[in-house]
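A closer look at the structure
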Amino acid sequence: MVKEISIVICGQAGQGIKTMEKLLSGIMKQSGLHVFSSKEFMSRIRGGMNSTSVRVSSRPVRGFVEKIDILVPLDPGGVGHVKERISGETLIIGELENIDRGEIVFGESLPVPFKDIAQEIGNVAYSNTVAVGVLSALVGSLREVGADYIRKFFSSKAGGVKEKNILAFGKGFDEGLSWREGAGGRRFKLEYSETVREDLLMSGTEGVGLGAIAGGCNFLAFYPMSPATGVGLFIAKQADKFGILVEQAEDEIAAINMVVGGWYAGARAMTTTSGGGFALMTEGLSLASMLEIPMVLHLAQRPGPATGLPTRTGQEDLLFVIFSGHGEFPRVVYTPGSIEEAFSLTRAAFNLADKFQVPVFILTDQYLLDSSYNLPPPDHDDQEVIPYLVKTEKSYRRYELTKNGISPRGIPGYGDGLVAVDSDEHDEQGRITEDLPLRKKMVGKRLKKLEGLIGEVIPPVFFGDEDFKTLILGWGSTYHTIRETLERIGVDKIGYLHFSQVFPLWPELTEYLDRAERTVVVENNATGQFGKLITMTTGRMIAGRVLKYNGLPFSREEMVDALDEEVRK
Amino acid sequence: MKTNVFDMGKIDIAWCPGCGDFGILAALKQALTELDIKPRKLVMVSGIGQAAKIPQYLRCNYFNGLHGRSAPVAWAIKAANPELTVIAASGDGCTYGEGGNHFLNIIRRNPDITHLVHDNMIYGLTKGQASPTSREGFITPLQIHGVILSPFNPLSVAIALNASFVARASIHDLEGTRAIIKQAISHRGYALVDIFQPCVSFNHINTWEWFQENTYYLEDSHNSSDRNAAFARATEEGKFPLGVFYVRDGEETYGDRCPAYQNNKEPLYRRRLNMIKLRELIENMKNG
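Before going into details, it helps to say that this report is about the structure given with it. The structure displayed is predicted, hence computed values, not measured ones.

Considerations on the pattern of salt bridges
Opposite charge on two side chains permits them to pair, given that their charged atoms come into close proximity. For the structure on display, the rule yields 52 salt bridges over all chains. Arg178(B) is the partner of Glu34(B) in a salt bridge, and the nearest nitrogen-oxygen pair spans 2.6 Å. With Glu34(B) in helix α1 (residues 20-34) and Arg178(B) in helix α6 (residues 174-186), the pair connects residues that are 144 residues apart, well separated along the chain. For Glu83(B), the salt bridge identified is with Lys41(B), shortest N-O distance 3.9 Å. Residue Glu83(B) is found in the loop between α2 (70-80) and β3 (85-91), and its partner Lys41(B) is found in the loop between α1 and β1 (42-46); the two are separated by 42 residues along the sequence. Glu83(B) sits in the partly exposed class, given a relative accessible area of 36%. Here the residues in one salt-bridge network are Glu4(A), Arg55(A), Glu484(A), Arg556(A) and Glu557(A), joined through shared partners.

Written as structure tokens, this is what we have:
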């Protein structure tokens, strides 16, 4: 029996793939199936060719697979767009003219006149809902569950839109049901779970956004840039409810200076951007560090250099983020590998930034942000929002020299003291100085915080055989795909470390590296940046590199091939 | 001079002897004292340059940030805590050159802050290159054949953007400058004061005498609520008018319009995360 089904919807931008993905994922989840969805799309608003992959399973699924069990092409070009992923097992559903009978070999086909059915209901716009109905029936969802979801989804729409969508869903469901009840349907039998219905369906974007709100973010300034904009939109939508000030800056330079100014005056501020935007922010990053002002910066990676591939994925900005900014100063770089970590690390970033008065990065990528899966509701009240602020006294000195390098942080207007900060080298009062022995003390003070930060490093997740010969090292969004791969190929003599914090680097790493006969990094870039960072930090060379840099995430299939080969070396 | 609460006592001031900045500092301190502003409630924000050192010489909170970036910082401080009085002060190069885009956008935002621009028509700290307001033909060690760019006209730009308060002062008249600064700080909304000042070390054309001879005050009959008249006066050829060109009283500020302050007047530092609403939000995500 098949434990999972991989469904792919493919069509032009503007054909409503995103809504189909939402409906389908929601109905599957409410039916008690585990769902994972991810998408790849072109940098255009209309036309081109995009696809969404929805994996449904009886077990948790968290990563991208190439194989397609059911393909729904919404356009004659759809089949060709994903032809490498089609096999003799693939069922293609859709309008007859979209089911390519050319050279591509696939399994069965199920022609359904989505548009005609929709037209009968009253508008061709309902054809995607017809398709969702067909798919829901094929995987064995209950009609009522789907109809109920559609009802809620379109509840705010007037003019019979809700009713007609329910009708369209039902018509599609009938089509799918008659196929399922025939010979073909035996293929797609999944086990359902009650607990999945209590899960949340969350994307990486929502994970970061929700984490920011839970971390006490009350000030967001940013300039729109793919794939980072979604986080801003999520927070903006919740801003009224949580009293968050949201500002669209005139550019990224303004955005980061607003964030620095905001923290100075007592806000818990964040910005969200991608590599190109962050390039403009590096001056402000250096400023925050000189002023010892906390900062939370979400950086969503996409392939570069320059504009690169704006809507696609990559892990190319790791070393840029770690070494960005003029001068020397401490920072923290979190690299969530799951939606759970996107939430928990973004939330933690605010307290950590505030406690140490340093910049904390959340380094994600398009793949993680645009992926969704079901997960249990995160604990939201197990961590307090801690404002590390003091009410100042008359004698207050913003940069008082202390043992751990952290000076109590006051803000203007709270207490009797004055809060002076200066981008020039400054004395304990915050006043400009060229006293060179004092300059040395101030450098020492700022760098001293690194020691405290090392004490707060989040250790990597270890998976596999403690008695490993091969040690695989990954960071960020590769986590679930590597893990699923190892579950599949077995972990005999294989260990895997997933890093959700890459800077400062976990101090115990050297010991792990020394225990391995062979070390391999897995990264979505062309030069093995994490491997370089490890060598630079530990003095240990990395033997193998599994790299991908065409703008797409690793699939499980290619990870299986790559790691299988690596562990044999 | 009388002492006031903003005096720093005996400190080393980095400006050249005879610099116009001393007068601006004196005029500002006097205006602040007359308005009874408390040092602990005042934040001075500046960029980089000789003018941008002014916060160092006042007893108050200050943020001396990056070249060109004082506007977004000043906006953010006022946005995060509307209870503070915020004054941004920097030079013509910092504000109109490096910070040009920020200058346009802070006017559009209309925060209730004061923006003082020390305008000496030259780069002082980097030793004498042209600034955005240098006049055509002005010879410098960099513009060796003279400036060939048209000068930036900050007042006409601000009026074009419908700024809520637009004025020009010249520090050769300290008393007049003090009065204009005082009006600007009292104004509710964004207030720009471009302040002419001589650079005694590098600008030997636009000197104390030159400013005295080439400026005059707007007549009492000037209607500062008339935008077209203000624009005409800001763009007229010849001598430079001083005074308040344009005022829009009673206009909503950023703080009045900002959604984050509609139902909650508390500054951000006094707000706490609403855990009940957070739980509700998470619950709602169950529906996908």
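With respect to the interface of chain A and chain B
Counting residues at the interface gives 67 residues for chain A, matched by 54 residues for chain B. Buried area between chain A and chain B, both sides added, is near 5,000 Å², and the carbon and sulfur share of it is 62%. Linking chain A with chain B are five salt bridges. Elements supplying a minimum of two residues to the side of chain A that touches chain B: α1 (17-31), β7 (200-203), α7 (204-214), α8 (229-242), β9 (245-248), α9 (252-264), α10 (275-291) and β15 (420-422) of chain A. Looking at which element gives the most residues to the side of chain A that touches chain B, the answer is α9(A), with eight residues. Classifying every residue of the side of chain A that touches chain B by side-chain character gives 36 nonpolar, 16 polar and 15 charged. Pairing of β15(A) with strand β2 (residues 61-64) of chain B, which is carried by three bridges, proceeds in the parallel orientation. Bridge assignment links Ala420(A) to a residue of β2(B), and that residue is Tyr62(B).

Quick notes on the environment of Val8(A)
Residue and element names in this part refer to chain A. Along the polypeptide, Val-8 turns up in strand β1 (residues 4-13). With a relative accessible area of 0%, Val-8 lands in the buried category. Taking the C-alpha atoms as reference points, Val-8 and Lys-67, separated by 59 residues in sequence, lie 9.3 Å from one another.

So, helix α3 (residues 114-121) of chain A
All names here are of chain A. Along α3, the residues classified as buried are Phe-114, Ile-117, Ala-118 and Ile-121. When α3 is viewed along its axis, its buried side chains cluster within an angular range of 95° and face the same direction. Where α3 is buried, its residues meet β4 (70-73), β5 (91-94), α4 (127-138) and α6 (161-181). Residue Gly-122 follows α3 closely and has a positive phi angle near 140°.

Some details on the nonpolar core
Among the nonpolar cores identified, the biggest contains 143 residues, and Phe219(A), Leu245(A), Leu473(A), Phe499(A), Phe530(A), Phe63(B) and Ile77(B) are the most heavily contacted of them. Sort the elements by how many residues they give to this core and helix α12 (residues 339-356) of chain A lands first, with nine residues. Discounting residues that sit within four places of it in the chain, Phe499(A) has contacts with Thr335(A), Pro460(A), Leu473(A), Gly474(A), Trp475(A), Gly476(A), Leu505(A), Trp506(A), Leu509(A) and Phe530(A). By size, the runner-up hydrophobic cluster in this structure holds 43 residues, among which are Leu24(A), Val72(A), Ala131(A) and Ala137(A).

Topic: the pairing of strand β17 (residues 470-475) of chain A
Residue and element names in this part refer to chain A. Summarising burial for β17: six of the six residues are buried, a large majority. Covered by surrounding structure in β17 are Thr-470, Ile-472 and Gly-474 together with Leu-471, Leu-473 and Trp-475, the residues of both alternating faces. Summarising the sheet, β17 and strand β18 (residues 494-499) pair through six bridges and their orientation is parallel. For Leu-473, the partnering residue across the bridge sits in β18 and is Leu-497. Handedness of the β-α-β unit built from β17, helix α15 (residues 479-489) and β18 comes out right-handed. As paired elements, β17 and strand β20 (residues 518-523) share five bridges and run parallel to each other.

Let's talk about the side chain of Ser51(A)
Residue and element names in this part refer to chain A. Position of Ser-51 relative to the elements: it lies in strand β3 (residues 47-57). Looking at Ser-51, its side chain comes within polar contact range of the side chain of Glu-40, at 2.6 Å. When neighbours within four sequence positions are excluded, Ser-51 is seen to be in contact with Val-8, Ile-9, Cys-10, Ser-38, Lys-39, Glu-40, His-81, Val-82 and Arg-85.

Quick word on α6(B)
Its 13 residues give α6(B) an end-to-end C-alpha distance of 18 Å, which sits within 8% of 18 Å, the value for a rise of 1.5 Å per residue. Those residues of α6(B) not exposed but buried are Gly176(B), Thr177(B), Arg178(B), Ile180(B), Ile181(B), Ala184(B) and Ile185(B).

Conventions adopted
Residues numbered from 1 in each chain as written. Chains lettered and ligands numbered in written order. Predicted model: local features only at pLDDT ≥ 70, side-chain atom pairs only at ≥ 80, totals over all residues. Heavy atoms only, no water. Salt bridge = Lys/Arg side-chain N within 4 Å of Asp/Glu carboxyl O. Helix = DSSP H or I, 4+ residues; strand = E, 2+ residues; numbered from the N terminus. Buried < 20%, exposed > 50% of the residue type's maximum accessible area, 1.4 Å probe, protein only. Contact = heavy atoms within 4.5 Å. Buried area = accessible area lost by both parts, 1.4 Å probe. Nonpolar A, V, L, I, M, F, W, Y, C, P; charged D, E, K, R; others polar. Pairing = 2+ DSSP bridges. Arc of directions from axis to C-beta. Core = buried A, V, L, I, M, F, W, Y, C linked by side-chain atoms within 4.5 Å. Right-handed = clockwise from strand over helix to strand, strands pointing away. Polar contact = N/O pair within 3.5 Å; in protein donor to acceptor, adjacent residues only side chain to side chain. Expected span 1.5 Å × (residues − 1).

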